[in-house]
Amino acid sequence: MFQTILQKIREYNTIIIHRHTRPDGDALGSQIGLKHLLLENFPGKTVYTVGDDAGYLSFMEGSVMDSIPDSTYQNALAIVLDISSPLLISDERWKTAAVTVRFDHHIYQGKFTDLEITDDSYESCCGLITQFAMECGLRLNNDAARALYTGLVTDSGRFRYDATSARTFRLAAFLREQDFSTEQIFRNLYAETIESKQLRAQFVLKAQFTPRNVAYIYTTKEELDQLGLDTFTASRGMVNTMADLKGVEIWVNFTETDEGILCELRSAGLNVNPIAVKYGGGGHAKACGATLTDREAVAGMLKDLDELIGEAL
């Protein structure tokens, strides 16, 4: 399938790369990395990256998205990355492209592009793009390698999560053959101010527990405004303040927004993805999300998670 997609890339002079909304390191890393990979190997092509703001990842070179008119999609190839549901793609104009392609490493929920490679055994979409480059004999440059390595590191939890395999390290070694600073990547990704440390402490103090020890934090819109936080920082940025708590197998972060209640689910071992899917979301077996409609849905999800733990016991 890699060769089929490579042939389709060769056929189109205009390529537009999409990823999911509220990008994490893997979404943005695969998007920027693929752009530089294509420009390095096909210098005559025009390659755009589109989507919402990079947020806390704005330090990444190439994180400022392109602004393009609708007409650009005529006779263009659209590639969507790191996404299992079309509802989460940032900039819905991808559907108007002449041909659509998808690379994804989430649990498969159905086909929605013309050509696609999905494999949830990969720790990251960046890893999948790197494998694509290796198998197709494509040249890497420093910009592509730096972006892809950033996404590989973040989605593997700095090589900690159990999706990390021998292949992960082979892919990382391939990327590290290029000349870029890992120290700079880590400094930007993980450096914290005293204010952010204090903020994390505030969220830890908000943690509550269900009868079967599902840990959860609920943040209202009023609290969000009082703290002066964006939704990404409060939701995905704070979910792992509950990670590694002794006796906690599942933890969830709920954040009220104008679009609904953002829900970030995490698990130390159990597969929580079916519950995320039940509530209109998805992702990985042990790291996924959904957007809930109201507090009643929150209570329903917590009840389902409690039952999941009960079944496991």
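This text follows the structure it describes.
Described in the following lines is the structure provided in the data block. Note that this is a predicted model, so its numbers are computed, not measured. (Residues numbered from 1 in each chain as written. Predicted model: local features only at pLDDT ≥ 70, side-chain atom pairs only at ≥ 80, totals over all residues. Heavy atoms only, no water.)

A word on the side chain of Thr 150
Okay, so step 1: Relative to the helices and strands, Thr 150 is located in helix α4 (residues 142-155).
Okay, so step 2: The exposure class assigned to Thr 150 is buried, which follows from its relative accessible area of 2%.
Okay, so step 3: In contact with Thr 150, not counting residues within four places along its chain, are Met 60, Ile 185 and Leu 189. (Helix = DSSP H or I, 4+ residues; strand = E, 2+ residues; numbered from the N terminus. Buried < 20%, exposed > 50% of the residue type's maximum accessible area, 1.4 Å probe, protein only. Contact = heavy atoms within 4.5 Å.)

Some words on the packing of helix α3 (residues 125-135) against helix α5 (residues 166-176)
Okay, so step 1: Contact geometry for α3 and α5: axes closest at 10 Å, N-to-C directions at 65°. The angle between α3 and α5 places the two elements in the roughly perpendicular class. The crossing of α3 and α5 is left-handed. Taken together, the residues of α5 that come into contact with α3 (itself represented by Gly 127, Thr 130, Gln 131 and Met 134) are Arg 167, Leu 171, Phe 174 and Leu 175.
Okay, so step 2: Each residue belonging to the contact of α3 with α5 can be placed in one class, and the counts come to 4 nonpolar, 3 polar and 1 charged. (Axes fitted to C-alpha atoms, helices over the stretch in contact; angles between N-to-C directions. Parallel < 35°, antiparallel > 145°, perpendicular 65-115°, else oblique. Left-handed = near helix turned anticlockwise from the far one by under 90°. Nonpolar A, V, L, I, M, F, W, Y, C, P; charged D, E, K, R; others polar.)

Looking at the sheet that holds strand β4 (residues 99-104)
Okay, so step 1: Pairing in this open sheet of 5 strands is parallel, and the strands run β2-β1-β3-β4-β5 from one edge to the other. Of all the strands in the sheet, just β2 (46-49) and β5 (115-118) have a single pairing partner and so form its edges. The sheet shows a mean angle of 15° between the axes of neighbouring strands, direction not considered.
Okay, so step 2: In this sheet, β4 lies alongside strand β3 (residues 77-81) in parallel orientation, the contact comprising 5 bridges. Across the sheet, residue Leu 81 finds its bridge partner in β4, namely Phe 103. (Pairing = 2+ DSSP bridges.)

Quick look at the packing of aromatic side chains
Okay, so step 1: One pass over the full model with this rule turns up 9 aromatic pairs.
Okay, so step 2: Both rings, one in Trp 94 and one in Phe 112, keep their centres 5.9 Å apart while their planes meet at 70°; by these two values the pair is edge-to-face. On the criterion of sequence distance, the pair formed by Trp 94 in the loop between β3 and β4 and Phe 112 in the loop between β4 and β5 is long-range, its members being 18 residues apart.
Okay, so step 3: Directly above the ring of Phe 180 sits Arg 176, whose terminal nitrogen or CZ lies 4.8 Å from the centroid.
Okay, so step 4: Cation over ring: Arg 295 sits above Tyr 218, and NZ or CZ is 3.9 Å from the ring centre. (Phe/Tyr/Trp six-rings, centres within 6.5 Å; stacked < 30°, edge-to-face > 60°. Lys NZ or Arg CZ within 6 Å of the ring centre and 35° of its normal.)

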